[in-house]
Amino acid sequence: TILRAGLWGGTPSDTVTLDYDRRTRRRMTLTGSKGLTFLLDLAEAPVLRAGDGLKLEDGRIVAVAAAPESLLEITCKDELALARIAWHLGNRHLATEIEARVLHIRADHVIEDMVKKLGASVRHVERPFNPEGGAYGHGAVSGHSHGHGHSHDHDHGHGHHHHYIHSADVTRVQEKVSRNDSGPAAEAGASIADAARLMTWLSPAFPVGAFSYSHGLEWVVEQRVVRDAASLAAWMRDLLEHGAVRTDLIFLAESWRAVVADDVARLDGVVELAAAFVPSAERRLETIAQGNAFIVAASAVWPSAMIDRLKGREIAYPVAVGTAAAAHGLDLALTARAFAQAFVANVVSAGVRLVPLGQTDGLRVIAQLDAEVARVVERALAGTLDDIGGAATAADVGSMLHETQYTRLFRS
């Protein structure tokens, strides 16, 4: 049980000193400074503050202390300039500690460069980190709100609920990435760091086994429906326009928004719906196996309390990616575009091997689909869970018939 600072007294049996990330973990083994080891096992991810107490099942109390971390101390010439900096940090969903004349954030060279260009002075410090709840960090805890939950709407271009994301925003992100611009990117909220992380997560080398799934294409090729580059491009356009891609992007966006809003119940609803919303056993295997593998890999290397909440559950691939992206402050529009592009590249790669086609023909197909990918991403980010659904019946049937296909290279 969490006992909030000031609401308990006496001498604690031990003390655990934790950084901010570990103070937002739901389940972990802890050892105090005096050697007391115990399992923290809470129903929901907490936000532990310095001075809080953890009451164990046997009645002993362990005090919580905040560990020093590498932070940026941000100051400005006046309160208005500091408020403007705070707005830009909130626009990027960065965990921020707000005091009367100073802001503290995690050390990040990209953000440091951004706030300096906006006129701030920055100093590197080592101190405990106690950010506001809600905007990016873990917000309200039952009975003890540290923030406002961030579930209301903001009209700043990358909605938290069901706001429309303009195609111009996507274009600005692409332009900034293409020219290696690591400046403020305040309107679109993307950065080179976001793009680099997504390239890692969605690359063929990331251990989710994406290369082993054809999304039903293997049966379609055997039936000679897809037999050359032109028919592969036509098939991919139908998948983008009428198939699972738009629905997956809506699930990705909804999970991203739930994490940003620190809305656990909303995220749980997306998890359950996305896992149920598949038309065949093989397509279910495709999305759940990749989603679970993504969560395992991401939590091991890029841990977060929200990602940890998904362990041991059936997680659809887009929900896994959307959750991780939001938990680490990655831009939604850029994440959605990268996810859709990775899907296209993977299925086209399967087509190159199955038809077979030359690598150059495969690249031509991918290039032809660029505009369609952008349109699908734009529409998906403007949609809600009420808009999920598809009409790519041949692709769905193909994934079902693939189960009994005599010779198979792929798992779907």
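## Some words on helix H6 (residues 229-242)
Piece 1. For H6, which comprises 14 residues, the first-to-last C-alpha distance of 20 Å matches the rise-based estimate of 20 Å (1.5 Å per residue) to within 8%.
Piece 2. Among all positions of H6, only Ser231, Leu232, Ala233, Trp235, Met236, Leu239 and Leu240 are buried.
Piece 3. Its side-chain oxygen at 3.4 Å from the backbone nitrogen of alanine 230, aspartate 228 defines the N-terminal cap of H6.

## Some thoughts on the pattern of salt bridges
Piece 1. All told, the structure shown has 23 salt bridges when counted by the stated rule.
Piece 2. The salt bridge partner of arginine 60 is aspartate 58, with a shortest N-O separation of 2.8 Å.
Piece 3. A residue is classified by how much of its surface remains accessible, and arginine 60, at 36% relative accessible area, is partly exposed.
Piece 4. Its salt-bridge partner being arginine 408, residue glutamate 282 comes within 2.6 Å of it at the nearest N-O pair. Of the two residues, glutamate 282 sits in helix H9 (residues 281-301) while arginine 408 sits in the segment after helix H15 (393-401), which places them 126 residues apart along the sequence.
Piece 5. A relative accessible area of 6% places glutamate 282 in the buried class.

## Considering the nonpolar core
Piece 1. The biggest cluster of nonpolar side chains holds 78 residues, and the ones touching the most others in it are Trp201, Leu217, Met236, Leu249, Phe294 and Val344.
Piece 2. Take this core: its biggest share by element is 13 residues, from helix H12 (residues 332-354).
Piece 3. When near neighbours in sequence (up to four residues on either side) are disregarded, phenylalanine 294 contacts Trp201, Phe206, Val208, Tyr317, Ala320, Val321 and Ala324.
Piece 4. Met28, Leu36, Phe38 and Val64 belong to the second largest nonpolar core, which has 13 residues in total.

## Overview of the confidence of the model for the protein
Piece 1. Taken over all residues, the pLDDT of the protein has a mean of 84, while the share at 70 or more is 86%.
Piece 2. Per-element confidence in the protein is highest for helix H11 (residues 317-327), whose mean pLDDT is 96, and lowest for helix H3 (residues 167-178), whose mean pLDDT is 40.
Piece 3. Within the model, pLDDT remains below 50 along residues 134-189, and this stretch shows 119 contacts once partners closer than five positions in the same chain are excluded.

## Some words on the packing of aromatic side chains
Piece 1. On inspection of all chains with the given rule, the structure shows eight aromatic pairs.
Piece 2. Between tyrosine 317 and phenylalanine 339, the ring centres sit 5.4 Å apart and the planes meet at 50°, which makes this aromatic pair tilted. One end of the pair, tyrosine 317, is in helix H11; the other, phenylalanine 339, is in helix H12, with 22 residues separating them in the sequence.
Piece 3. Given a relative accessible area of 12%, tyrosine 317 falls into the buried group.
Piece 4. For phenylalanine 339, a relative accessible area of 6% corresponds to the buried category.
Piece 5. One aromatic cluster is present, formed by Trp201, Phe206, Phe294, Trp302, Tyr317 and Phe339 through successive ring pairs.

## Some words on the pairing of strand E2 (residues 14-18)
Piece 1. Only one face of E2 is buried: it carries Asp14, Val16 and Leu18, and the other face, with Thr15 and Thr17, is open.
Piece 2. As defined by bridge partners, E2 adjoins strand E6 (residues 61-66) across five bridges and the pair is classed as parallel. Its bridge partner lying in E6, threonine 17 is registered against alanine 65.

## Quick notes on the sheet that holds E6
Piece 1. Pairing is mixed in the open sheet, where four strands are placed in the order E1-E5-E6-E2. Both outer strands of the open sheet, strand E1 (2-3) and E2, are each paired with one neighbouring strand and no more.
Piece 2. As judged from the three bridges shared by strand E5 (residues 53-55) and E6, these two strands associate in the antiparallel manner. The residue of E6 that forms the bridge with glycine 53 is alanine 63.

## A look at the packing of helix H7 (residues 244-260) against helix H14 (residues 370-381)
Piece 1. Contact geometry for H7 and H14: axes closest at 9 Å, N-to-C directions at 45°. Overall, the two elements H7 and H14 adopt an arrangement that is oblique. The handedness of the crossing between H7 and H14 comes out as right-handed. Each of Val245, Arg246, Leu249, Ile250, Ala253 and Arg257 in H7 lies in contact with H14, whose residues at this interface are Val376, Val377, Ala380 and Leu381.

## Quick look at a nonpolar patch on the surface
Piece 1. On the surface, a nonpolar cluster with roughly 220 Å² of combined accessible area is contributed by Val397, Met400 and Leu401.
Piece 2. Among the structural elements, leucine 401 can be located in helix H15.

## Quick word on the environment of alanine 81
Piece 1. Looking at where alanine 81 falls in the secondary structure, it is placed in helix H1 (residues 79-91).
Piece 2. Residue classification places alanine 81 among the buried residues on the basis of a relative accessible area of 15%.
Piece 3. Between the C-alpha atoms of alanine 81 and glycine 119, which are 38 residues apart in sequence, the distance is 7.7 Å.

## Here's the deal with the sheet that holds strand E10 (residues 121-128)
Piece 1. Reading across from one edge, E8-E9-E7-E10 is the order of the four strands in this open sheet, with antiparallel pairing throughout. Since the sheet does not close on itself, it has two edges, and those belong to strand E8 (96-98) and E10, each with one partner. The mean inter-strand angle of the sheet, taken between neighbouring strand axes irrespective of direction, is 30°.
Piece 2. H1 rests against strand E7 (68-75), E8 and strand E9 (103-106) of the sheet, and its axis sits at about 25° to E9.

Cut-offs used in this document
- Residues numbered from 1 in each chain as written.
- Predicted model: local features only at pLDDT ≥ 70, side-chain atom pairs only at ≥ 80, totals over all residues.
- Heavy atoms only, no water.
- Helix = DSSP H or I, 4+ residues; strand = E, 2+ residues; numbered from the N terminus.
- Expected span 1.5 Å × (residues − 1).
- Buried < 20%, exposed > 50% of the residue type's maximum accessible area, 1.4 Å probe, protein only.
- Polar contact = N/O pair within 3.5 Å; in protein donor to acceptor, adjacent residues only side chain to side chain.
- Salt bridge = Lys/Arg side-chain N within 4 Å of Asp/Glu carboxyl O.
- Core = buried A, V, L, I, M, F, W, Y, C linked by side-chain atoms within 4.5 Å.
- Contact = heavy atoms within 4.5 Å.
- pLDDT = per-residue confidence, 0-100.
- Phe/Tyr/Trp six-rings, centres within 6.5 Å; stacked < 30°, edge-to-face > 60°.
- Pairing = 2+ DSSP bridges.
- Axes fitted to C-alpha atoms, helices over the stretch in contact; angles between N-to-C directions.
- Parallel < 35°, antiparallel > 145°, perpendicular 65-115°, else oblique.
- Left-handed = near helix turned anticlockwise from the far one by under 90°.
- Patch = residues over 30% accessible without salt bridge, like charges linked within 9 Å, V, L, I, M, F, W, Y side chains within 5 Å.
- Areas by Shrake-Rupley, 256 points an atom, 1.4 Å probe, with all protein chains shown as cover.

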